[in-house]
Amino acid sequence: MTNKLPLLLSTSMLVAFAAPAWAQSAPQPAPEPAPAAEAPPEEEPVDISIPGGGGSEIVVIGRRIPNTVRLSREVVSVLSQADIARSGEGDIAGALKRVTGLSVVGGRYVYVRGLGERYSLALLNGLPIPSPDPLRRVVPLDLFPTSVLASSVVQKSYSANFPGEFGGGVINLTTRAVPKEAFFTVGGSIGANTATTGQLGYVYAGGRKDWTGYDDGTRRLPTGIQASQNAGTALAVGGNYSLRQLQDITATLANAETNVIFRNDNIPVNWSGNMSGGRAWDVGDARIGFVFAAGLSNDWQTKAGKQQLSGGAAVSGGELQLLPDQDFDFAATEFRSVVNGLFSVGAEFGDHKIRFSNVYVNDTIKEARIQVGTDDINVGRDVLLQRNATALFRRQLIDTQFVGEFKFDDLTVDLRGTYANSKRLAPYERFNNYAFSAQFRDYVNDLRSPGQSSLVAFSRLNEDVLGGGLDLGYKFRNGPFPIKLTAGYAYSKADRVSERFDYRYQTNAALPGAVTQQRPDFLLSDFNVYTYGIILNTISTVSPRYEADLTVHAGYGQIEIEPTDGVQLVAGVRYESGKQNVTPVDVFNANPGSSFNTPTNIDEDYWLPALTVTWNFAEDMQLRVAASKTIARPQFRELAPQPYFDTESDRLSFGNQFLTNSELINIEARYEWYFGRDERLAVGGFFKDIDNPIDAIAFVQGGTFQTTFANVPNARLYGAEIEAQKYFDLSGWGDFFATRRFFISANYTWTNSELRVKAGDTTRFPLSGAVVPATDIFRNGLPLTGQSDHVANLSFGFQDDEGLSEQTILLNYASNRVAFRGPSGQPDLVEKPGLRLDVVVRQGIKLFGSEVEVKLEGRNLTNTRYQEFQRLNASRIDTNTYVLGRTFQASASIKF
């Protein structure tokens with residue numbers, strides 16, 4: 001597929017562009033007199049709300065200037081509300097994977113041109129957004145339903161009005177503003193997945209309100225545990241607690257509701273409901289209005305597959321083979337509930353606009369997981385193990401923003417400010433591990449032997465972000481050529497507190513055999529706690545809490561000039577001062593004086609220049625060349641030496657407090673041809689040189705697969721991309737096609753990256769801070785983690801120009817990419833995204849005088865699995881592979 005895909009896409013594009021040329025070369029009848037030219041309809045304004053934009057809309061009028069991308073001074077891709085709707089995706093992360101050079105990892109994080117999510121900056125109305133994910137400072141874009149957004153702009157070339165943390169690109173999301181006319185829409189959907197709906201899955205009781213995404217108090221942190229954390233006194237026999245006190249604390253935990261996993265032979269369907277509305281009034285010369293949106297969705301997904309771990313290799317059949325030292329089959333069922341809301345009030349008066357926007361998202365995942373297999377590292381290959389886990393992860397985002405855009409003749413003033421808060425709550429992460437006993441012919445858990453244990457964890461994250469900015473722009477019209485000067489100041493401050501406390505159930509005496517066979521809620525019942533002395537014991541982890549902050553002050557100046565007709569130059573420089581601190585907190589004083597508690601203080605200032613030259617050498621063609629210097633800072637989680645269990649990858653992760661900032665040099669060129677309304681061909685190339693990039697590494701410790709991070713001395717990335725979109729008029733095919741067009745849109749990005757490591761290079765290993773040869777961890781010439789060599793999208797279908805009627809087929813392909821560096825010199829862990837086929841049909845109808853939109857979707861029709869594996873010669877280790885299934889959904893909305 002890797003070799004054939006470029007040919008397939010090239011052939012598709014060739015057919016698309018050859019059709020009109022072939023028709024032109026064929027014998028033609030004598031032409032009739034041409035009718036008077038009819039100007040194409042004006043394109044809808046696209047609200048892009050960028051810092052220093054001097055107005056939030058680009059209105060494009062004219063036959064040779066057909067879309068927003070054409071007028072941008074930088075290399076951008078725009079997803080309008082119509083584009084988002086055509087994709088049929090429910091959140092913006094899904095819609096963005098259709099953009100040239102973008103891929104989405106884990107359904108949440110956007111990679112631009114193969115660079116990881118740390119190199120992609122997400123803004124909401126030009127302002128920073130906090131992330132509720134402990135592993136990342138970058139916000140997961142699956143949080144944003146498409147219903148609350150007006151557009152999304154991906155800018156791939158850097159300009160000084162954007163923050164300096166710009167590696168692959170910036171994604172600016174714009175919320176809906178003052179509506180043109182009053183509207184009220186109500187909608188809903190119902191869907192099914194072939195691997196989940198109506199199939200066997202696993203669930204646990206939890207709370208009565210879990211379907212809403214909110215806990216009813218069942219998982220409230222017990223007061224005794226809260227007091228222990230606040231006082232910094234570890235739960236352990238002796239010292240601060242008696243046996244009886246520990247038993248009392250242990251007995252207060254919610255038990256059966258969070259411990260017992262049930263079979264469900266008929267997992268329910270997916271469903272959602274939403275509504276949105278808005279209205280505007282003319283008050284004198286001003287137009288004032290509001291927009292609101294709200295939604296609730298419930299989705300189920302069962303993942304069933306294999307999780308293996310290799311502790312090393314051995315010779316078999318005359319060559320080295322990886323051995324599956326841990327080999328588990330697993331099944332996990334996730335229930336996801338998302339509540340979202342938007343309320344925006346705006347006013348437009350003259351050339352001035354103000355907007356006050358509020359966004360709320362609550363995203364909750366409730367998971368039950370069972371693993372059955374062997375662990376030759378810790379227990380032995382001849383012992384069958386069963387591992388059960390339950391958890392609830394709640395992510396919440398509240399974002400309040402004010403944006404004002406004022407225009408006084410040639411002077412523009414942009415003001416913006418934001419306060420945002422994000423949380424992640426994970427109470428009662430339960431782990432119950434049993435081993436099969438030949439003596440009892442049953443699974444047992446004595447809370448003491450290898451492979452037999454019960455654990456519980458509580459974690460919380462809170463992050464606040466304050467941000468603001470001022471941009472001033474002035475156009476000089478009386479000189480030899482037009483000049484626009486822009487200057488601005490931006491401030492942002494993020495404060496995060498994250499903590500995770502792990503506890504283990506222990507007993508000082510051996511449990512009776514009949515007790516060890518009990519299911520988890522009976523085993524950990526109050527009766528057993530007081531009868532057999534079962535108590536909770538604090539696991540003295542490294543720094544269970546960390547406090548972090550990042551303060552950035554920035555100022556920039558930028559000039560836009562047109563020295564001659566058809567040539568535009570944008571040059572600017574940004575001064576950015578950033579102070580980043582991450583302080584591990586040894587709550588229980590378990591590691592006094594340890595390097596584990598070393599705080600991180602990164603205080604760096606940068607001058608970041610940027611230059612873009614656009615040559616409009618024909619009325620429908622232009623060439624862009626851009627160069628810039630940017631940076632990438634470590635994310636909070638990458639700096640914190642706090643252990644964290646990542647449920648997506650099912651492995652333990654912790655940070656490296658000795659990481660440093662990365663610096664990037666970016667160069668690119670792009671040719672663009674706009675040969676018709678909504679039609680284009682673009683070809684580009686790019687190059688990036690990265691000093692001290694951060695890469696994910698893996699290792700095995702104590703039989704546990706763990707991941708962390710380290711700085712690579714240098715890396716280079718370069719590639720090319722092509723994008724094309726073409727429409728074909730079908731009016732000659734008969735009355736049914738009189739108003740229809742056939743469209744085809746394709747893009748392809750080829751990227752090559754390589755780590756540059758040589759003898760004498762060093763890096764710092766996490767926790768200990770030891771300076772080690774970089775060649776001990778990284779191999780020269782390997783690609784960056786998360787980078788696919790090939791990323792391609794193809795969509796085609798029919799579209800009605802006079803009404804809502806669209807039938808779209810979408811293909812998405814990404815080649816294999818490195819997920820993590822292999823542990824102890826093993827081959828890297830590789831993720832295989834593969835090829836996915838989606839079909840979306842949208843049809844508008846009139847019902848009782850109201851407009852109704854009906855949408856039918858089929859997702860992952862290729863039934864592509866999720867695959868993460870290692871390969872050495874003929875051996876393959878499936879570190880995390882499971883079935884995704886095909887998804888079908890029907891939805892309808894009615895507009896009053």
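Above this text is the structure in question.
Residues numbered from 1 in each chain as written. Predicted model: local features only at pLDDT ≥ 70, side-chain atom pairs only at ≥ 80, totals over all residues. Heavy atoms only, no water.

Peer 1: Before we move on, could you go through the overall build of the protein and cite the residues and values that matter?
Peer 2: Along the protein, the regular secondary structure elements total eleven helices and 47 strands. Here the protein holds 896 residues, and 56% of them are scored as buried. Once local pairs closer than 6 in sequence are excluded, the contacts in the protein between residues at least 24 apart make up 73%. (Helix = DSSP H or I, 4+ residues; strand = E, 2+ residues; numbered from the N terminus. Buried < 20%, exposed > 50% of the residue type's maximum accessible area, 1.4 Å probe, protein only. Contact = heavy atoms within 4.5 Å.)

Peer 1: Give a description of the packing of aromatic side chains that names residues and reports values.
Peer 2: Taken as a whole and judged by the stated rule, the model has 26 aromatic pairs. Between F184 and F896, the aromatic rings sit 6.1 Å apart at their centres with planes inclined by 25°, giving stacked as the arrangement. Placement of F184 in strand β10 (residues 183-193) and of F896 in the segment after β47 (887-895) is noted, with a sequence separation of 712 residues between them. We classify F896 as exposed; its relative accessible area is 55%. Judged by centre distance (5.4 Å) and plane angle (70°), the rings of W733 and F737 are edge-to-face. Among the aromatic residues, those joined into a cluster by ring pairs are F728, W733, F736, F737, F742, F796 and F798. (Phe/Tyr/Trp six-rings, centres within 6.5 Å; stacked < 30°, edge-to-face > 60°.)

Peer 1: How would you explain the side chain of Q826 if you had to name every residue and give the values?
Peer 2: By secondary structure assignment, the location of Q826 is in the loop between β41 (817-820) and β42 (829-831). Polar side-chain contacts of Q826 include one of 2.9 Å to the backbone oxygen of S310. Apart from the residues within four sequence positions on either side, Q826 is in contact with S310, G311, G312, L322, R779 and Q870. (Polar contact = N/O pair within 3.5 Å; in protein donor to acceptor, adjacent residues only side chain to side chain.)

Peer 1: Residues and numbers for the environment of V383, please.
Peer 2: Mapped onto the elements of the fold, V383 is located in strand β19 (residues 380-408). Of the residues examined, V383 reaches a relative accessible area of 21% and is grouped as partly exposed. For the pair V383 and F436, spaced 53 residues apart in sequence, the C-alpha to C-alpha distance is 6.5 Å. Filtering out sequence-adjacent residues up to four positions away, V383 remains in contact with G373, T374, A435 and F436.

Peer 1: Residues and numbers for the pattern of salt bridges, please.
Peer 2: Summed over all chains, the structure comprises 47 salt bridges. A salt bridge links R477 to D410, with the nearest nitrogen and oxygen atoms 2.6 Å apart. Of this pair, R477 sits in the loop between β22 (453-476) and β23 (483-506) while D410 is found in the loop between β19 and β20 (411-437), placing the two residues 67 residues apart along the sequence. We classify R477 as exposed; its relative accessible area is 55%. D828 is the partner of R821 in a salt bridge, and the nearest nitrogen-oxygen pair spans 3.0 Å. Judged by relative accessible area, which is 2%, R821 ranks as buried. For D828, a relative accessible area of 11% gives the class buried. Ionic contacts of the salt-bridge type, sharing partners, join the residues K156, R624, R670, E672, R680, E721 and E723 into one network. (Salt bridge = Lys/Arg side-chain N within 4 Å of Asp/Glu carboxyl O.)

Peer 1: Lay out the sheet that holds strand β6 (residues 120-124) with the relevant residues and their values.
Peer 2: The strands making up a sheet associate through backbone hydrogen bonding, with each pair oriented either parallel or antiparallel. Pairing is mixed in the open sheet, where five strands are placed in the order β3-β8-β9-β6-β7. Only two strands of the sheet have a single neighbouring strand rather than two, namely β3 (76-80) and β7 (127-128). (Pairing = 2+ DSSP bridges.)

Peer 1: Can you break down helix α6 (residues 243-251) residue by residue, with the values?
Peer 2: Those residues of α6 not exposed but buried are L246, Q247, I249, T250 and A251. Looking at the packing, one finds that the buried side of α6 touches α5 (223-231), β23, α10 (526-532) and β24 (535-538).

Peer 1: Describe the environment of K832, and please don't skip the residues or the numbers.
Peer 2: Position of K832 relative to the elements: it lies in the loop between β42 and β43 (834-847). Note: C-alpha distance between K832 and R817 (15 residues apart in sequence) is 6.6 Å. If near-sequence neighbours (up to four positions away) are discounted, K832 is found in contact with N816, R865, Q867 and F869.

Peer 1: Could you give an account of the pairing of strand β28 (residues 621-632), naming the residues involved and the relevant values?
Peer 2: Sheet faces and side chains relate simply in a regular strand, where the side chains alternate between the two faces. Taken together, the seven bridges between strand β27 (residues 600-618) and β28 define a ladder with antiparallel strand orientation. Residue A618 lies in a different strand from β28, and its bridge partner there is M621. What sits between the antiparallel neighbours β27 and β28 is a turn of two residues. Summarising the sheet, β28 and strand β31 (residues 662-676) pair through twelve bridges and their orientation is antiparallel. The partner of T630 across the bridge, within β31, is L664.

Peer 1: So what's going on with the pairing of strand β32 (residues 679-691)? Which residues, and what values?
Peer 2: With twelve bridges connecting them, β31 and β32 associate as antiparallel partners. Counterpart to W673 in the pairing with β32 is L681. Hairpin connection of β31 to β32: two residues between the antiparallel strands, including D678 at a positive phi of 65°. Pairing geometry for β32 and strand β35 (residues 714-729), over twelve bridges, is antiparallel. Paired with D691 across the strands is N714, a residue of β35.

Peer 1: Requested: an account of unusual backbone geometry, with residues and values cited.
Peer 2: Of note in this structure, N692 is not a glycine but carries a positive phi near 60°. Mapped onto the elements of the fold, N692 is located in the loop between β32 and β33 (694-701). A positive phi angle, near 55°, is found at F848, a position not held by glycine. Mapped onto the elements of the fold, F848 is located in the loop between β43 and β44 (850-859).

Peer 1: I'd like a description of a nonpolar patch on the surface, backed by residues and values.
Peer 2: Side chains of F343, V345, F356, F402, L415, L470 and L472 sit close together on the surface and give an oily, nonpolar patch of about 550 Å² of accessible area. Mapped onto the elements of the fold, L472 is located in strand β22. We classify L472 as partly exposed; its relative accessible area is 39%. (Patch = residues over 30% accessible without salt bridge, like charges linked within 9 Å, V, L, I, M, F, W, Y side chains within 5 Å. Areas by Shrake-Rupley, 256 points an atom, 1.4 Å probe, with all protein chains shown as cover.)

Peer 1: Which residues make up the environment of F335, and what are the values?
Peer 2: Here F335 lies in strand β17 (residues 326-349). Using a relative accessible area of 8% as the deciding quantity, one classes F335 as buried. In this structure, the C-alpha to C-alpha distance between F335 and Q301, residues 34 residues apart in sequence, is 6.7 Å.

Peer 1: Please give an account of α5 that cites residues and values.
Peer 2: For α5, the full list of buried residues reads G224, I225, S228 and Q229. The buried residues of α5 all sit within an arc of 135° when viewed along its axis, so they share a single face. For α5, the exposed residues set more than 90 degrees away from the buried face come down to T223, N230 and A231. Where α5 is buried, its residues meet α6, β22, β23, β24 and β25 (545-564). Looking at the residues trailing α5, positive phi occurs at G232, about 70°. (Arc of directions from axis to C-beta.)

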